[in-house]
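Remarks on the overall topology
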Amino acid sequence: MGAQKKGSSRVSEDAEELARNPLQAILLADSFATKFRPITLERPKVLLPLVNVPMIDYTLAWLESAGVEEVFIFCCAHSRQVMDYLESSGWHKQPNFTVAMIESNNSISAGDALRLIYERNVIHGDFVLVSGDTVSNMSLTHAVKEHKERRKKDNNAVMTMVIKKSKPSPVIHQSRLGTDELFMAIDPDTNQLLCYEERGEHPRGAISLENSLLADNPSISLHNDKQDCYIDICSQEVLSLFTDNFDYQHLRRHFVKGLLVDDIMGYKIFTHEIHSSYAARIDNYRSYDTISKDIIQRWTYPFVPDVRFSANCTTKLEREGMYKAPEIQQSRSAHIGPFTVIGKGTRIGDDSRITHSVIGEGCTIGSNVSIVGSYIWNNVTIEDGCELRHAIVCDGVIIKAAATLEPGVVLSFKVVIGREFVVPAYSKVSLFQQPTAQDSDEELEYADSSSGAIDPSIADAGNKLNGDIVSESSQMQDWSTSQLGPGGAGFIWSACDGGCEEEWRHSVAPIPTDKLAKALLAIEEDLEIVKVSDSALTPSGELEPGSDDDDSDNMDDSNVDTVDFEKEAEATFLRAAQDNIAVDDLILEMNSLRLSYNKSAGDCTGALFYPMMKLALESPHNTAVELQKNVASVVSKWHKLFEVLAKEVDDQIELIMKFEEMCLESTKEFAPIFSQILYLLYEREIIGEEAILRWDDERKDADESDRVFVKQSEKFIQWLREADEEED
Amino acid sequence: MPDVQALVNMFLNKLKKRKIEGSQATAKQTAELLRSVISQQRVPRTNQAGALIDAVRAIGEQLIVANPIELAVGNIVRRVLHIIREEDLSLTTAAVAELNLSTVSDDDDDDGGGGDQDDRPVLSAAAVAAAARNTLRPPSLQMLLEGAPDFVAVPRSSSSGGDSEGKSKSMDRNSRTRKLKHDIIEAVNELIQDITTCHELIAEQAVEHIHQNEVILTLGSSKTVLEFLCAAKEKKRSFRVFVAEGAPRYQGHLLAKELVARGLQTTLITDSAVFAMISRVNMVIVGSHAVMANGGVIAPVGMNMVALAAQKHAVPFVVLAGSHKLCPLYPHNPEVLLNELRSPSELLDFGEFSDCLDFGSGDGSPLLHVVNPTFDYVPPKAVSLFITDTGGHNPSYMYRLIADYYSADDLVVQRRHAAGN
């Protein structure tokens, strides 16, 4: 109690301190990922143009307008370029808004970055943690206030995560931003985050909640329609937590999950849902496409092309969502369709058609060019008769006459595509060779990205590219035997590391219909599985603890397990029969199997009896008598097994019933000789007298159909009873 | 100067981020900013008005480009330019009159009273020309003049020949510099005063327009309309108000709340119910975003529908507009951006419709497009009356009003910038 009081008094001090402190933000200008390769080999992701404005400008403009006064920009890969850009842009001159750089050369993850910032000791209170590729127009004041109030009450509430409702695609299980479907468990009363799971880690599509979660919280709501905006309002403790846990790398995978699992320190994460404002993060090419379109459709207002929120030039919005910058030379016969942005000084030739695309500054587009859903950056030359569909074309690319870019193509800086060359779908083309050391392992990917940043040869080449064109023209000679048609320059990167068949998920191109159809089929199969396992959980229903969901889950498990166990037992028995394994060994084996599946001895006998009888049936026989002989031989061989396993009367009854069932369903051949075999089993002492009598008793009240075998063995039972009486 | 630049930058930022809402607030802040620009501006000895005009125009260009949709910014910039010109002119004529007076007193001894009458216009015309030359003088010449005796003093020294008199004249000139600036700032202060009090001035006229037991319809929310209605209420007029809610921002809800708080009988209706209700309405009174030179009105979205309904039922359609809303441009001017498209999230919830905006499926182009324009254009023939702080005016009279407030030289502030860009 004393400690609690002490803590609370400290909190109030903190609160006063916070009131004095300006709101700070950490902006990670490095994504620590390789999703935007090969483009990011030459330019950092945060400087890539998004609707003709570098991504970082969206983030900074938003932070500035949301009342953040001090921003620390952390940059690692290509830090020089980021710093140069910030120097040249006006962000240093803004009133009431200071931008400071923190540079590092050896950070390979967000965790490293935060540890470094902690060492610098520049954060003095609550801060906003975002990455430099966030586009938002939300107001932070409310979320920060909420966070601070929670902190006053509970010192362990270290982080508030901003989420937004966005339905994932039911077919391919990814959000519209191309990220994996996300499951969250949230306490509806306090908004506390209880569980955070990405579908990618659970291929079967099922998540498991811990029992304690259900027991401890009076109500939980489960969501799969929430999008993580990657905007976090953190307390200072977050930085020290990263330092304490030096193995935390990824913000979500390690840090958030680490806090959720760890109940010793009791740190809590809360969520703040935004409704009318927009927030999203560019994580892959698909989100680049989606967010570009959201910007063009003005969801990010006031951060739209025709509002000058950064150093961008004046653009006018015309009919049908067409944005045009000044000094455009457009042929009268050129058709520019809806939702298109055209940058300053671009020239467009006769009969060209452009729809749903973004064209940068100073581009030259020839005649009869068709551009659909593509992103063309600055100073690109597209010659006559080219066709571009859903492609990203970086600065300085030259596409020669009649070339075609199929959906999902990414052309990195200064690539040249030869005449009439068709670039295959989803290929990525760069002037750089694809790095050979590829590994799908995530950790290695981090290391890889940083090595790419400091690798002197690549950096040199990058400088050369940025340098004079004269030296480049000499370089052009090397491409005489290019993979990109006559006069082309560049390497086609082989389908990426790891999930190459997953390429369509994250590309700028819309998802092909055949993939959708396939995914739909897979879903139907999934649904059947779901029917079998009879899931009682609805995606975002509320669960009350104490309902029988847990029990039903167990039932499902046991059903599945029984089938598995029987199969396993049968296989074991048959193997033993084939290899003539000693009965004692088989008993040992069966016992361990039984224990591992947590089954009773009765289950075991039942599972074994079936293959034994089948064995007898499979050995050659013509008449019932011969079959009986077979059974006798098999039984005599294995009777010891049952003597050990089926000691109890109940187990023996189970055995009889199993046999009965078999005679009725699978192996009808045994039906006529049921009583004989029963006698045989009695003789071999597999089934005791008591078991038979009790079986008879149980069957007395049963239907006539169920009593077929009882009647058949009536004489035998009669004889048993008489013998019994005589003994008495 | 640096602090002025900082002020300008801050205001530019606010304009760019669309952080200032409402034309009155924008107009007031623009005027205040320009006032500090003028007061901080160092003026040369000669051509003061020209220097001030250049300074104001340079900043005005930036302001207009920062938010071209908010026409009040441009209006105020032009008003201030007009004020500078007017003050300069009045000072020059005053100086000329003074000059005349002194020449007259000089000449009185030589000539008779009859020649006096003929001489004055000739002399005054020469003085005006000199003054005009004075204002147009390039700064390099001014440097030369620093040591030399005063320009105006030259002809006079020949006549009276007193060196001490020339000195006193230059002193007088300095005071004139200060006087010009002082007068301009005074006039800008008056302008700011006008902007702040325009509500009251408009509201004073309410009793003449709203009569007993009338039904008034309005759309959205406007401070001017609120004050206008309340002024009528205070004069013991009893009437009813229909408020159309003004989707998608629903500012009508706020207005209804305010009206009820002031004790007015209020009915809130949807925008689409306006046509059904218009037959019961005696007068439509609405606010505006800007009034164009042809008498057309830029007003919150939905207003044209109300105007058409009013026209159909011959209900008077009255627009309230402070003088800062009068824009000297015509709506067909390509430099005038008539509309601002705001975020679609005001119309619908992104989360609910996120599956309709999934660009990953289909051919990549969204099938759903949400448009959220902020303004409507109401043509002049649909407007019955404008009530400004100077009284009621017919739409066809607007151009005349505008000629009073603006000088024709300043209409092109923006266009010049666009050409330069």
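All values reported here derive from a predicted model rather than from experimental measurement. (Residues numbered from 1 in each chain as written. Chains lettered and ligands numbered in written order. Predicted model: local features only at pLDDT ≥ 70, side-chain atom pairs only at ≥ 80, totals over all residues. Heavy atoms only, no water.)

Structural notes on the sheet that holds strand S1 (residues 215-219) of chain B
All names here are of chain B.
- Read from one edge to the other, the open sheet built from 7 strands follows the order S3-S2-S1-S4-S7-S9-S10, with strand pairing classed as mixed. Edge positions in the sheet fall to strand S3 (265-269) and strand S10 (391-393), since each has one partner strand and no second. Each strand of the sheet is rotated relative to its neighbour by a mean of 25°, with strand direction disregarded.
- For S1 and strand S4 (residues 283-286), the ladder comprises 2 bridges, and the chain directions are parallel. In the strand pairing of S4, Leu217 is matched with Val284.
- Strands in contact with helix H11 (residues 251-261) are S1, strand S2 (240-244) and S3; relative to S3, the strand with the most contacts, it is inclined by about 165°.
- Against the sheet, helix H13 (residues 303-312) touches S1, S4 and strand S7 (317-320), its axis set at about 145° to S7. (Pairing = 2+ DSSP bridges. Helix = DSSP H or I, 4+ residues; strand = E, 2+ residues; numbered from the N terminus. Axes fitted to C-alpha atoms, helices over the stretch in contact; angles between N-to-C directions. Contact = heavy atoms within 4.5 Å.)

Focus on the nonpolar core
Residue and element names in this part refer to chain A.
- Counting 71 residues, the largest nonpolar core has Leu50, Leu63 and Leu140 as its most contacted members.
- Counting residues per element, this core draws most heavily on helix H2 (residues 55-65), at 7 residues.
- Contacts of Leu140, omitting those with residues within four sequence positions, involve Trp62, Leu63, Ala66, Val68, Val128 and Ile233. (Core = buried A, V, L, I, M, F, W, Y, C linked by side-chain atoms within 4.5 Å. Buried < 20%, exposed > 50% of the residue type's maximum accessible area, 1.4 Å probe, protein only.)

With respect to the confidence of the model for chain A
All names here are of chain A.
- A residue-level look at chain A finds 83% of positions with pLDDT of 70 or above and a mean pLDDT of 78.
- Helix H10 (residues 442-454) is the least confidently modelled element of chain A, averaging 39 in pLDDT, while strand S25 (residues 375-376) averages 95, the highest of any element.
- Low pLDDT, under 50, characterises residues 1-18; the stretch is placed with 11 contacts to residues that sit more than four places away or in other chains. (pLDDT = per-residue confidence, 0-100.)

With respect to the pattern of salt bridges
- Evaluation of the coordinates by the stated rule reveals 29 salt bridges over all chains.
- Here Lys45 of chain A makes a salt bridge to Asp133 of chain A, at a shortest N to O gap of 2.6 Å. With a gap of 88 residues between them, Lys45 of chain A in the loop between strand S1 (24-28) and strand S2 (49-50) and Asp133 of chain A in the loop between strand S6 (127-131) and strand S7 (134-136) connect regions that are remote in the sequence.
- Given the relative accessible area of 2%, Asp133 of chain A is considered buried.
- The salt bridge partner of Arg85 of chain B is Asp409 of chain B, with a shortest N-O separation of 3.6 Å. Linking Arg85 of chain B in helix H4 (residues 71-110) with Asp409 of chain B in the loop between helix H15 (398-405) and helix H16 (413-420), this pair joins segments that are 324 residues apart in sequence.
- Here Arg85 of chain B falls in the partly exposed class, since its relative accessible area comes to 24%.
- Taken together, the shared-partner salt bridges in this structure form one network comprising Lys165 and Lys167 of chain A together with Glu352 and Asp355 of chain B. (Salt bridge = Lys/Arg side-chain N within 4 Å of Asp/Glu carboxyl O.)

As for the interface of chain A and chain B
- Taken together, the contact pairs 40 residues of chain A with 36 residues of chain B.
- Both sides together, the interface formed by chain A and chain B hides about 3,500 Å², and carbon and sulfur atoms give 55% of it.
- Ranking the residues of chain A by area buried against chain B places Arg176, Trp299 and Tyr301 of chain A at the top, with a combined share of 21%.
- The interface formed by chain A and chain B includes 3 salt bridges.
- Residue Asp355 of chain B pairs with Lys167 of chain A through a salt bridge whose shortest N-O separation is 3.6 Å.
- At the surface where chain A touches chain B, the tally comes to 7 residue pairs in polar contact (both at pLDDT 80 or more).
- Only H2, strand S8 (157-165), helix H9 (285-296) and strand S15 (316-318) of chain A provide two or more residues apiece to the side of chain A that touches chain B.
- Residues belonging to the side of chain A that touches chain B are distributed by class as follows: 14 nonpolar, 12 polar and 14 charged. (Buried area = accessible area lost by both parts, 1.4 Å probe. Polar contact = N/O pair within 3.5 Å; in protein donor to acceptor, adjacent residues only side chain to side chain. Nonpolar A, V, L, I, M, F, W, Y, C, P; charged D, E, K, R; others polar.)

Details of a negative patch on the surface
All names here are of chain A.
- A cluster of acidic residues, Glu566, Asp603, Glu654, Glu661 and Glu665, forms a negative patch at the surface.
- Take Glu654: it is sitting in helix H19 (residues 649-664).
- For Glu654, a relative accessible area of 39% puts it in the partly exposed group. (Patch = residues over 30% accessible without salt bridge, like charges linked within 9 Å, V, L, I, M, F, W, Y side chains within 5 Å. Areas by Shrake-Rupley, 256 points an atom, 1.4 Å probe, with all protein chains shown as cover. Lys, Arg positive; Asp, Glu negative; His and termini not counted. Charge placed at Lys NZ, Arg CZ, Asp CG, Glu CD.)

Observations regarding the environment of Leu527 of chain A
- Looking at the secondary structure, you find Leu527 of chain A in helix H14 (residues 513-533).
- Sequence separation between Leu527 of chain A and Gly418 of chain A is 109 residues; the distance between their C-alpha atoms is 48 Å.

Thoughts on unusual backbone geometry
- Here the bond from Tyr301 of chain A into Pro302 of chain A is cis, since omega is 10°, no more than 30 degrees from zero.
- With respect to the element layout, Pro302 of chain A can be found in the loop between H9 and S15.
- The omega angle of the peptide bond from Ala247 of chain B to Pro248 of chain B is 0°, so this bond is cis rather than trans.
- The backbone of Asp351 of chain A shows a phi angle near 55°, a positive value even though the residue is not glycine.
- Take Asp351 of chain A: its relative accessible area is 45%, and that puts it in the partly exposed class.
- The phi dihedral of Glu420 of chain A is positive, around 55°, even though this residue is not glycine.
- Summarising the element assignment, Glu420 of chain A is placed in the loop between strand S32 (416-417) and strand S33 (422-423).
- Judged by relative accessible area, which is 55%, Glu420 of chain A ranks as exposed.

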